[in-house]
Amino acid sequence: MHPEKQLCPNTLWVLLLGLLLNIPATHPAKCPQQCICDQIQLNVACVRKNLTQVPPDVDEITVKLDLRGNDIQELPTGAFRHTPYLTHLSMQRCNIRHVKEGAFRGLGRLVFLNLANNNIEILYQESFDGLSSLKQLLIDHNRVEEIQPGAFSQLGFLNLLSITHNQLVYIPNLAFQGLQNIKWLRLSHNSLNYLDIEAFAGLFTLTRLSLDHNELQFFPTETMTRLPEVTRLDLGYNPMTYLGEESVSMAKLTHLFLDHMSLQELSNTAVSRCPSLVHLDISYNQLRVIQPFSEGSPKLVRLNLAGNPISCNCYLRPLREWSIRYKVKLMGTCGGPAHMLGENLAAIYPAELRCQSQEAMLKAELEEASRIAPLPTEEPENKIKCPVNCVCEVVTQHSSCENRGHTKIPRGFSPDTRLLDLRGNHFHYIPSNSFPGVAQVVSLHLQRSKIVEVEEGAFSGMKGLIYLYLSENDLTSLSPDAFKGLPALTYLHLEKNRFTTFPKGAFKLVPSLLALHLENNAITRLEPDTLAGAEGLRSLYLTGNAISNVSPRALDRAGDLDTLHLGGNKLKEVPTEAMSKLGNLRDLRLSGNSIRWIGPNAFQPLGRSLKELYLDNMALEKMSQNSLAGLGPGLRSLFLEGNRLEEVPDFHPLTSLEVINLADNPLMCDCPLLPLRLWIEKVNLKVRATCANPPEIKGRKIKDVHVFRACPGGETLPTAPAATPPKLAKAPKANKPKPMHLSAHHMKMLKAKSKPRRSSPADRKSKRRVVA
């Protein structure tokens with residue numbers, strides 16, 4: 001008998017696995033001369049070796065690569081194509097300035113990436129393309145001041161994103177789109193002063209958000225309502241002075257940190273719409289009197305008031321009685337009067353909280369006011385140039401005249417000003433040369449200022465301006481020279497004005513313009529060459545206008561456009577011809593238009609580039625079987641919910657779909673729908689499409705009905721499971737793919753032990769999330 005015949009199958013498997021693992025023994029492993037290589041752990045360390053590029057001779061099978069402390073100033077496209085098996089990559093302190101699009105392409109197994117302590121300024125749209133398995137991304141201590149739309153669209157499995165200690169001043173709408181499994185987002189220690197309403201839209205799994213040590217002056221109520229799963233929110237060290245009624249409306253929030261701010265007043269209903277709140281930290285503010293909280297937060301257990309000048313007199317008695325009644329632990333000590341100074345709040349009985357006579361109280365207040373009044377001799381040292389009725393800060397280089405009733409643009413700001421906030425005034429028009437001497441301003445806020453006209457050269461000299469907010473004004477047109485002198489302008493906000501026509505030709509003097517917001521105006525059509533002068537535009541937002549016609553040549557000049565939002569308009573058909581030259585478009589939104597029919601090849605011009613397609617809530621009645629022809633394997637998200645579709649087009653070419661939504665369509669579960677049923681069987685997507693007809697199976701999942709087995713070609717379908725409670729218990733198994741990032745060898749060994757079920761590598765790879 002031959003020796004190999006004596007080996008059992010399990011022994012053969014172990015030997016084969018050993019041969020696979022010992023590839024380096026037959027092919028001597030490569031190791032860069034400057035590096036230390038561990039051939040057992042498959043680790044390579046090239047720490048502080050003055051490398052100027054990623055070493056090209058790292059062994060292909062390397063799993064962990066440590067490049068800390070080098071001088072790799074740029075990561076070019078495909079910088080790691082020769083190390084496809086990396087799971088951990090550390091690149092701290094490498095003087096990295098630029099991460100080119102596709103720099104990490106090919107690292108589909110990477111789960112950890114650390115880019116902290118570098119000089120990165122911009123996160124480009126495809127900087128992280130290819131990192132489909134990444135779970136942790138650290139970009140702390142860089143110089144990031146811009147996040148381009150779609151920068152994180154490839155990171156569907158990311159759990160932690162940390163961008164602390166950077167220079168962000170603003171978070172635009174949908175900045176974090178694509179983070180479908182994010183748990184913790186850290187944006188601490190930036191200069192954030194404004195968050196768009198949809199800044200965190202789509203983060204349905206986020207449970208923790210850190211926004212401490214920023215410049216937020218008010219609680220971003222509307223923005224936070226887009227975060228349904230957040231349980232812990234940290235907003236400490238922001239200059240907020242007031243928290244109004246029902247400011248915080250977050251159903252699952254359990255821990256809220258508002259410490260070390262400038263709160264002087266707190267409404268007793270501020271957190272009444274947070275029924276799960278357990279811990280509220282408002283320590284180290286300027287609160288003297290606090291009323292009992294309304295009964296909207298019955299679960300509150302701890303209230304931290306440490307570091308506030310709490311007056312322990314009769315005004316505190318209602319709060320103390322409330323804390324005893326609802327068993328809320330008060331933390332902190334009395335800030336006065338003198339005989340109660342330093343007393344622990346939780347140890348004081350309500351009966352001890354009494355008020356002095358009115359005369360004695362007035363005397364005490366006068367004494368305290370004189371005690372804490374700043375000395376006049378100390379003011380000049382820390383003071384900077386600042387116009388009357390404005391507030392200017394030395395450290396942050398921010399100046400604000402918000403809601404001060406100004407009718408003319410104030411002058412006399414420090415030349416070092418970086419953020420200038422003039423919103424909520426009554427300027428009516430902006431004359432030429434309105435901002436002399438502030439060439440360093442990066443972000444200019446002019447929202448809600450009743451502006452009807454911007455004169456030629458209004459912003460002349462503002463060479464550093466990147467963000468310009470003119471939203472919520474009364475503009476109907478723009479001079480061709482309105483933005484003269486703004487060579488760095490990148491983000492322009494003109495939403496919620498009164499434009500009835502597109503301000504064509506107004507952007508020829510802003511060569512760096514990438515994102516243009518014109519949502520919620522009254523634009524009725526897009527004329528030929530609409531984007532003349534804005535050839536470099538990447539994102540165009542036109543949601544909520546009245547556009548009924550898009551000229552075939554309207555978008556010809558914008559070949560680099562990657563985001564086009566046309567939702568909520570009056571389009572009757574897909575503007576296929578107008579998109580014929582948009583070969584780089586990735587995100588197209590047509591939601592909420594009145595498109596009843598989509599014909600064949602409607603999206604053919606976008607076949608190579610389109611990733612996200614929104615066709616929801618349009619009352620769409622019919623789609624040609626070939627309406628999605630050409631999109632093929634590139635499309636990742638398709639939204640068709642809220643329509644009137646009885647049948648759907650051919651989905652078979654869409655082999656890379658990660659998200660599909662067919663909810664709220666009256667699907668006819670009969671033989672014409674068999675291709676959809678076969679497609680559902682083939683893909684690893686949870687398609688929660690339900691039948692509307694025939695009546696006897698209304699409301700049942702398409703996958704669970706038997707009717708398709710009677711159709712020609714449906715004989716091969718498995719018998720649909722009976723709709724019984726025991727079968728429903730299997731639902732969690734479909735969501736099992738959490739431990740995906742075991743090594744391929746471990747996965748194979750686990751699978752080999754389970755003979756009845758052997759899944760292919762494709763099965764393991766295709767974890768998808770479906771919005772229903």
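Residues numbered from 1 in each chain as written. Predicted model: local features only at pLDDT ≥ 70, side-chain atom pairs only at ≥ 80, totals over all residues. Heavy atoms only, no water.

A. Layout of the overall build of the chain. Each helix and strand in the chain was counted, giving 11 helices and 43 strands. Within the chain, contacts between residues separated by at least 24 positions form 53% of all contacts whose residues are at least 6 apart in sequence. Surface summary for the chain: the accessible area is close to 36,000 Å², and the carbon and sulfur share equals 52%. (Helix = DSSP H or I, 4+ residues; strand = E, 2+ residues; numbered from the N terminus. Contact = heavy atoms within 4.5 Å. Areas by Shrake-Rupley, 256 points an atom, 1.4 Å probe, with all protein chains shown as cover.)

B. Up close: the packing of aromatic side chains. Across all of its chains, the model carries 18 aromatic pairs by this definition. Ring geometry for Phe152 against Phe176: centres 5.7 Å apart, planes inclined by 10°, an arrangement best described as stacked. Residue Phe152 is located in the loop between β10 (146-147) and β11 (160-162), and its partner Phe176 is located in the loop between β12 (170-171) and β13 (184-186); the two are separated by 24 residues in the primary sequence. Note on Phe152: relative accessible area 0%, which makes it buried. (Phe/Tyr/Trp six-rings, centres within 6.5 Å; stacked < 30°, edge-to-face > 60°. Buried < 20%, exposed > 50% of the residue type's maximum accessible area, 1.4 Å probe, protein only.)

C. Representation of unusual backbone geometry within the structure. Between Gly336 and the following residue, Pro337, the backbone shows a cis peptide bond with an omega angle of -5°. The residue Pro337 is located in the loop between β22 (329-331) and α5 (358-372) in this model. Residues Asn693 and Pro694 are joined by a peptide bond in cis, for which omega reads -5°. Backbone geometry places His213, a non-glycine residue, at a positive phi of 60°. Within the secondary structure layout, His213 lies in the loop between β15 (208-210) and α3 (221-224). In this model, Glu246 sits at a positive phi of 50°, which is unusual for a non-glycine residue.

D. Examining helix α7 (residues 674-682) more closely. Among all positions of α7, only Leu674, Leu676, Arg677, Trp679 and Ile680 are buried. For α7, the secondary structure elements touched by its buried residues are β41 (659-661).

E. Broad picture of the side chain of Arg636. With respect to the helices, strands and loops of the structure, Arg636 is situated in the loop between β39 (622-623) and β40 (637-639). Here Arg636 is buried and forms no salt bridge, its nearest opposite-charge partner Asp129 lying at an N-O distance of 4.5 Å. Polar contacts involving the side chain of Arg636 include one to the side chain of Gln154, which spans 2.8 Å. (Lys, Arg positive; Asp, Glu negative; His and termini not counted. Salt bridge = Lys/Arg side-chain N within 4 Å of Asp/Glu carboxyl O. Polar contact = N/O pair within 3.5 Å; in protein donor to acceptor, adjacent residues only side chain to side chain.)

F. Up close: the UniProt feature "domain: LRRNT" (unreviewed entry) in the chain. When the UniProt feature table is mapped onto this chain numbering, "domain: LRRNT" (unreviewed entry) sits at residues 30-64 and 385-419. Between the end C-alpha atoms of residues 30-64 the distance is 14 Å, and the span holds 0% helix and 20% strand. (UniProt positions renumbered as here; feature names shortened; annotations may be inferred.)

G. Main features of the confidence of the model for the chain. Here the chain averages 83 in pLDDT, and 85% of its residues register 70 or above. When the criterion is pLDDT under 50, residues 368-382 qualifies, and its contacts beyond four places in sequence or with other chains add up to 4 contacts. (pLDDT = per-residue confidence, 0-100.)

H. Structural view of the environment of Gln264. Mapping Gln264 onto the fold places it in the loop between β18 (255-257) and β19 (265-266). A C-alpha to C-alpha distance of 7.1 Å links Gln264 and Asn285, two positions 21 residues apart in sequence. Within the local environment of Gln264, its side chain forms a polar contact with the side chain of Gln286, the two groups lying 3.2 Å apart.

I. Structural view of the state of the cysteines. Inspection of the entire model under this criterion finds 7 disulfides. Disulfide partner of Cys31: Cys37, at an S-S distance of 2.0 Å. Handedness here is read from the sign of the S-S torsion; for Cys31 and Cys37, about 90°, the answer is right-handed. Under the relative-accessibility criterion, Cys31 is labelled partly exposed at 33%. (Disulfide = S-S within 2.5 Å.)

J. Structural context of the pattern of salt bridges. Tallied over the full model, the rule gives 17 salt bridges. Across the pair Glu229 and Lys252 runs a salt bridge whose closest N-O atoms are separated by 2.9 Å. Residue Glu229 is found in the loop between α3 and β16 (232-234), and its partner Lys252 is found in the loop between β17 (242-243) and β18; the two are separated by 23 residues along the sequence. By relative accessible area, which is 27% here, Glu229 ends up partly exposed. Of the charged contacts, one joins Arg553 and Asp529 as a salt bridge, the two residues approaching to 3.0 Å between their closest N and O atoms. With Arg553 in the loop between β34 (549-550) and β35 (563-565) and Asp529 in the loop between β32 (525-526) and β33 (539-541), the pair connects residues that are 24 residues apart, well separated along the chain. On the accessibility criterion, Asp529 (16% relative accessible area) is buried. Taken together, the salt bridges that share partners define one network made up of Asp529, Glu535, Arg553 and Arg557.

K. Quick peek at empty space enclosed by the protein. Tallying each qualifying case throughout the model produces 7 cavities of 30 Å³ or more. The space that makes up the largest cavity amounts to roughly 150 Å³. As for the largest cavity, its lining consists of 16 residues, of which Pro149, Gly150, Gln177, Thr563 and Asp587 are closest to the centre. When contributions to the lining of the largest cavity are tallied by element, the ones reaching two or more residues are β35 and β36 (587-589). Grouping the constituent residues of the lining of the largest cavity by class yields 3 nonpolar, 8 polar and 5 charged. (1 Å grid on protein atoms, 1.4 Å probe; cavity = no way out; pocket = protein on both sides within 12 Å on 5 of 7 lines; lining within 4 Å. Points joined across faces, edges and corners; volume = space filled by probe spheres on them. Nonpolar A, V, L, I, M, F, W, Y, C, P; charged D, E, K, R; others polar.)

L. Representation of the nonpolar core. Judged by nonpolar contacts, the single largest core of 100 residues is most densely connected at Phe459 and Phe603. Looking at which element gives the most residues to this core, the answer is α7, with 4 residues. Excluding residues that lie within four positions of it along the chain, Phe603 makes contacts with Val574, Met579, Leu588, Leu590, Ile598, Leu613, Leu615, Ser627, Leu628, Ala629 and Leu631. Among the nonpolar cores identified, the runner-up in size contains 96 residues, and Phe104, Phe200, Leu216 and Ile282 belong to it. (Core = buried A, V, L, I, M, F, W, Y, C linked by side-chain atoms within 4.5 Å.)

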